[in-house]
Amino acid sequence: MVKIALVSCGTEYSGIQKEIEKAANTFGGEIVIPEIDLPYIDESYKKFGFSAESSSLRLTIARAMAIVEGRIQVDAVFIATCFRCAEGALVRNEVRRFIQENTRIPVVTYSFTERTKADELFIRMEALTTTVARKSILAREKQEGLTLGIDSGSTTTKVVLMEKNEIIGTGWTATKDIMGSVEIGAKEAFNETGYSMDDLDGIGTTGYGRLTIGKKFNAELIQEELSVNAKGAVYLAKHQSGEATVLDIGGMDNKVITVNDGIPDNFTMGGICAGASGRFLDMTARRLDVDIKDLGPLAMKGDYRNTLLNSYCIVFGIQDLVTTLAAGGSKEDVAAAACHSVAEQVYEQQLQEIDIREPLIQVGGTSLISGLIKAVGETLGGIDIIVPEYSQYIGAVGAALLVSGMGKRQK
Amino acid sequence: MVKVAIFPPNSLILADLIERKGHESLALQKAVRKKVIDPEIDSPPMNISEEDPIKGLKYAAIEVPSGVRGRMSIIGPLIDEAEAAIIIDKAPFGFGCIGCARTNELSTFYMRKRGVPTLELIYPNNRDETIDMVNKINTFLDGLNNKEE
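### A look at the domain arrangement of chain A
As assigned here, chain A comprises domain 1 (2-133) and domain 2 (138-226 + 395-403). Measuring from the centre of the C-alpha atoms in domain 1 of chain A to the corresponding centre in domain 2 of chain A gives 35 Å.

Right, here's the structure in full:
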């Protein structure tokens, strides 16, 4: 059992305590609440230096202090406060930094509402428990045998065939029917390699459809995309030792993961707003009547400052872009504004919540949009960004890499 | 001369006490003045524009209201510069106030976290306590001189 300390305020009164426990239990985690006495609460929050008005937040601080001071031994920490509570957001952020600066314990933060259900927390809990309990899998640095990695994403399905530490086949298709899309992707990946499914040593699945596909193929590895993408990114970027940050702006959600020697030690995951996702760029490309592949080069020629974009929202933001076009604005400027808007929003909502470690490895389908890479670089003040070859297949590569050594199909 | 951050960050009395001892007070007014005299910005009364609360993200997450982040975009860099700090708790409005309890919590937290010599006092309620407060502040400021030497 992975012991996950719950450092939170308001979960009981929001009625979501049970959901948090359910999510943790699903992935072999056990929620523990650091027990402390009253004098320690006063002592802790004074030592911490944050004079919170809410006594529950003082308790939150004291629980974090108990972890840092080693009064309680835990494997991971889940920090949660109510959505829209300003004081909660302040304490959540400072407590996260405090634990990260003083321990090596992985931390996940979340702001919840009364509608938060266990399945929303699944990916975070799974990544948290994987980081702790499956470190040995994540330590793999070289692919062996013949393995297939399948990443069933919200927008596209990616399939990668690997042999002897090389990518020998790739497949990419829009996600429609989950299994149908995998079949199309796999057919592409096997094409001209001379291999078929029967020759494989192992199959690894990740992404939203991982469980369905994993069951169908009896996959040796079924793994959430935070750990898999982090591993795939450092592998492809040839940066398996040392520190790095992995940024994946996906079709439906975004992931920012910090890694140390190839093992993720912290992450944030967005997904509240489509305006901060690849979907926004997809919509912009459609409105500009250009292929998504051409949006990046188009944006590189434009200047986002020439476009009035008042909203990050996928509906109202696109409306602003349409207004600019109607007023005679150029397609280049609109493309640049869309890239800048996504980069800025990813920064505001996620990147500032994590301590960015250079280099930043940008992956996923959106990493092929050069205008977005430029915008992310500008937003982060000229940070070193690596976009490795095959970056769009990141999850599939990670899955094919991690499953090697686990599959025994040919024995 | 030592740069001293103060709380409340716009307390004229604290700023005056610091300047009298030959130190530099990191008072809010100086930072606001720089913004107000900048002819490039036109966002009266304080020339805080849409960009400022975004700059405040360095100190507070996006979920924190824009008013807190806007205030922190000015107060935060002052604290980052501080070589010493004086915090007066439970002061009335007239002594200095930035009108936001959350900003108070965050800015005092950052002052403490900075790890520079910090004097924390409760606002006085009578003449004797007032004299005592001023004496303690003066002693603290003199001590900063000694450390410099």
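What follows continues from the structure just given.
### Let's talk about the packing of helix 1 (residues 17-26) of chain A against helix 5 (residues 118-133) of chain A
Residues and elements named next belong to chain A. The N-to-C vectors of helix 1 and helix 5 enclose an angle of 45 degrees; their axes lie 8 Å apart at closest approach. Here helix 5 runs oblique to helix 1, going by the angle between their axes. Like other packed secondary-structure pairs, helix 1 and helix 5 cross with a definite hand, here right-handed. On helix 5, the residues touching Glu-19, Ile-20, Lys-22, Ala-23, Ala-24 and Thr-26 of helix 1 are Ala-118, Leu-121, Phe-122 and Met-125.

### Notes on the confidence of the model for chain B
Detail in the predicted coordinates should be disregarded across regions flagged by low pLDDT. Residues and elements named next belong to chain B. This prediction gives chain B a mean pLDDT of 92; 98% of its residues lie at or above 70. Within chain B, the lowest mean pLDDT, 85, falls on helix 3 (residues 51-55), and the highest, 98, falls on strand 1 (residues 3-7). Here the predicted complex carries an ipTM of 0.84, next to a pTM of 0.79.

### Digging into the sheet that holds strand 1 of chain B
Pairing between the strands of a sheet is mediated by backbone hydrogen bonds and can be parallel or antiparallel. Residues and elements named next belong to chain B. If you walk across this open sheet you meet the 4 strands as 2-1-3-4, and the pairing is parallel. In this open sheet, the two strands that pair with only one neighbour each are strand 2 (24-26) and strand 4 (118-122). With strand direction ignored, the average angle separating the axes of adjacent strands in the sheet is 20 degrees. Sheet topology places strand 1 next to strand 2; 3 bridges connect them, and they run parallel. Bridging from a neighbouring strand, Lys-3 pairs with Glu-24 of strand 2.

### Notes on the pairing of strand 3 (residues 84-89) of chain B
All names here are of chain B. Burial runs high along strand 3: 5 of the 6 residues are buried. Pairing of strand 1 with strand 3 involves 4 bridges; the strand directions are parallel. From the neighbouring strand, Phe-7 faces strand 3, where its bridge partner is Ile-87. As paired elements, strand 3 and strand 4 share 5 bridges and run parallel to each other.

### Things to note about the packing of helix 12 (residues 316-326) of chain A against helix 13 (residues 331-349) of chain A
For any two helices packed against each other, one specifies the inter-axial angle together with the distance between the axes. Residues and elements named next belong to chain A. Axis separation between helix 12 and helix 13 bottoms out at 10 Å; the angle between their running directions is 160 degrees. Between helix 12 and helix 13, the angle falls in the class roughly antiparallel. Remark: the crossing between helix 12 and helix 13 carries right-handed chirality. Each of Gly-317, Leu-321, Thr-324 and Leu-325 in helix 12 lies in contact with helix 13, whose residues at this interface are Val-334, Ala-337, Ala-338 and Ser-341. Taken together, the residues of the contact of helix 12 with helix 13 break down into 5 nonpolar, 3 polar and no charged.

So, how was this worked out
- Each chain carries its own residue numbering, running from 1 in the written order of its sequence.
- Whichever chain is written first becomes A and whichever ligand is written first becomes 1, with later ones labelled in order.
- For this predicted model, a pLDDT threshold of at least 70 governs which residues receive local features, and a threshold of 80 or more governs which side-chain atom pairs are given and counted, while totals over whole chains, interfaces and linings are taken from all residues.
- For the purposes of this description, domain bounds are those given by an automatic or database domain assignment.
- Think of each axis as a best-fit line through the C-alpha atoms, taken over the contacting stretch in the case of a helix, with angles from 0 to 180 degrees between the N-to-C directions.
- Put simply, DSSP marks the helices as runs of H or I at least four residues long and the strands as runs of E at least two long, and each gets a number from the N terminus on.
- If an angle is under 35 degrees, it is roughly parallel; if it is over 145, roughly antiparallel; if it lies from 65 to 115, roughly perpendicular; otherwise it is oblique.
- By definition, any crossing whose near helix is turned counterclockwise from its far helix by less than a right angle is left-handed, and any crossing with a clockwise turn is right-handed.
- The contact criterion used is a C-beta to C-beta distance within 7 Å, with each C-beta placed from the backbone.
- For every residue, the predictor reports its confidence as pLDDT, a number between 0 and 100.
- A pair of strands is considered paired only if DSSP assigns at least 2 bridges between the two.
- Burial is judged by counting the other C-beta atoms within 10 Å of a residue's own C-beta: 20 or more makes it buried, 12 or fewer makes it exposed, and any count in between marks it as partly exposed, with every C-beta position built from the backbone.
- Classification convention: Asp, Glu, Lys, Arg as charged; Ala, Val, Leu, Ile, Met, Phe, Trp, Tyr, Cys, Pro as nonpolar; all other residues, Gly among them, as polar.

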